[in-house]
Amino acid sequence: MAEIKLAGEVRNDFGKGAARRLRREAKVPGVIYGHGAEPQHVAVDSHALMMALKTPNALLRLEFDGKSELVIPKAVQREAIRRFLVHVDFLAVKKGEKVTVELPIQTEGELAPGGNLLEHVLNTLPVEAEATHIPESVTVSIAGLDAGSSVQAKDITLPSGVSLAVEDDAVVLQVVSAQAEAPAEEAAAGEGAEGAEA
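Below, the structure is looked at part by part. (Residues numbered from 1 in each chain as written. Predicted model: local features only at pLDDT ≥ 70, side-chain atom pairs only at ≥ 80, totals over all residues. Heavy atoms only, no water.)

## Topic: the sheet that holds strand β7 (residues 98-108)
Two strands in a sheet stick together by hydrogen bonds in their backbones, pointing the same way (parallel) or opposite ways (antiparallel).
Then step 1. The mixed open sheet is built from four strands, whose spatial order is β10-β7-β9-β12. The open sheet has two edge strands with one neighbour each: β10 (138-141) and β12 (163-164).
Then step 2. Where β7 lies against strand β9 (residues 124-130), seven bridges are found, and the strand directions are antiparallel. Of the residues in β9, the one forming a bridge with Pro104 is Thr124. (Pairing = 2+ DSSP bridges. Helix = DSSP H or I, 4+ residues; strand = E, 2+ residues; numbered from the N terminus.)

## As for the layout of surface pockets
Then step 1. Computed from the structure, the largest pocket encloses a volume of approximately 240 Å³.
Then step 2. Lining the largest pocket are 14 residues, with Leu53, Asn57, Pro73, Lys74 and Val76 positioned closest to its centre.
Then step 3. Broken down by secondary-structure element, the contributors of at least two residues to the lining of the largest pocket are β5 (67-78) and β7.
Then step 4. Among the elements that take part in the lining of the largest pocket, β5 stands out by supplying six residues, more than any other.
Then step 5. Its residues assigned to classes, the lining of the largest pocket shows eight nonpolar, three polar and three charged. (1 Å grid on protein atoms, 1.4 Å probe; cavity = no way out; pocket = protein on both sides within 12 Å on 5 of 7 lines; lining within 4 Å. Points joined across faces, edges and corners; volume = space filled by probe spheres on them. Nonpolar A, V, L, I, M, F, W, Y, C, P; charged D, E, K, R; others polar.)

## Describing the sheet that holds β5
Then step 1. The six strands are arranged β1-β3-β2-β6-β5-β4 in a closed barrel whose pairing can be described as mixed. The sheet shows a mean angle of 45° between the axes of neighbouring strands, direction not considered.
Then step 2. As paired strands, strand β1 (residues 4-10) and strand β4 (residues 60-64) are joined by four bridges and run parallel to one another. Bridging across to β4, Lys5 finds its partner in Arg61. (Axes fitted to C-alpha atoms, helices over the stretch in contact; angles between N-to-C directions.)

## Examining the pattern of salt bridges
Then step 1. In the structure shown here, the tally under the stated rule is four salt bridges.
Then step 2. Among the salt bridges present, the one from Glu3 reaches Lys95, with a minimum N-O distance of 3.2 Å. Here Glu3, found in the segment before β1, pairs with Lys95, found in the loop between β6 (85-92) and β7; they are 92 residues apart in sequence, far enough to count as distant.
Then step 3. Taking the shortest distance from any N to any O, the salt bridge between Lys27 and Glu25 comes out at 3.7 Å.
Then step 4. With relative accessibility at 46%, the residue Glu25 sits in the partly exposed group.
Then step 5. A single network of salt bridges, built from pairs that share partners, joins Glu3, Arg61 and Lys95. (Salt bridge = Lys/Arg side-chain N within 4 Å of Asp/Glu carboxyl O. Buried < 20%, exposed > 50% of the residue type's maximum accessible area, 1.4 Å probe, protein only.)

## Quick look at the environment of Glu3
Then step 1. Judged by relative accessible area, Glu3 falls into the partly exposed class, the value being 31%.
Then step 2. Linking Glu3 and Leu62, residues 59 residues apart in sequence, is a C-alpha distance of 9.8 Å.
Then step 3. Residues contacting Glu3, with those up to four places away along its chain left out, are Leu59, Arg61, Leu70 and Lys95.
Then step 4. Among the polar contacts made by the side chain of Glu3, one reaches the side chain of Lys95 at a distance of 3.2 Å. (Contact = heavy atoms within 4.5 Å. Polar contact = N/O pair within 3.5 Å; in protein donor to acceptor, adjacent residues only side chain to side chain.)

## Points about the side chain of Thr132
Then step 1. With respect to the helices and strands, the residue Thr132 is situated in the loop between β9 and β10.
Then step 2. A polar contact of 2.8 Å, which involves the side chain of Thr132, links it to the side chain of Glu130.
Then step 3. Polar side-chain contacts of Thr132 include one of 3.3 Å to the side chain of His133.

Functional significance is not addressed by these values, which are geometric in nature.
Structure follows, in structure tokens:
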């Protein structure tokens, strides 16, 4: 995954008022954690960060105060309605270092014919990967799967150097049959008949 360069600046003012002021200037407050160092408070251009976050688990090179820090976003807070960025926690990483991340799950293929529905038991797959080689997503084939079938974590092919950070037998996807209304109606009719007998 290519690094995305972002210019930042050191933040010395804290609290809600300071955060509001930054957002008015189209900047997002953030904190860099990791490697046992003191957290570093930064501000990053809102639009540039929003574009960078369109890539899941983006590898960012934050440049601020004469320093350059390699980070990945760990917690992104957005405003509930308008969805603009409110605050971001970054995790400092180094080349060669392993990190645990959540990969989006993509599916390909069509389920077996009939009233089958695909249920995502997990929306993302927790994996451990080298910080500078985090895949954007994993792809799972659901071609021909019928009701009762499931895909476990161990069934998913991972890129080289990536390992599961969840139990092998964790169910990721399962196929269920569409619920029919008929049995409920029959049960109601049966209860009516019982009542008549009594």
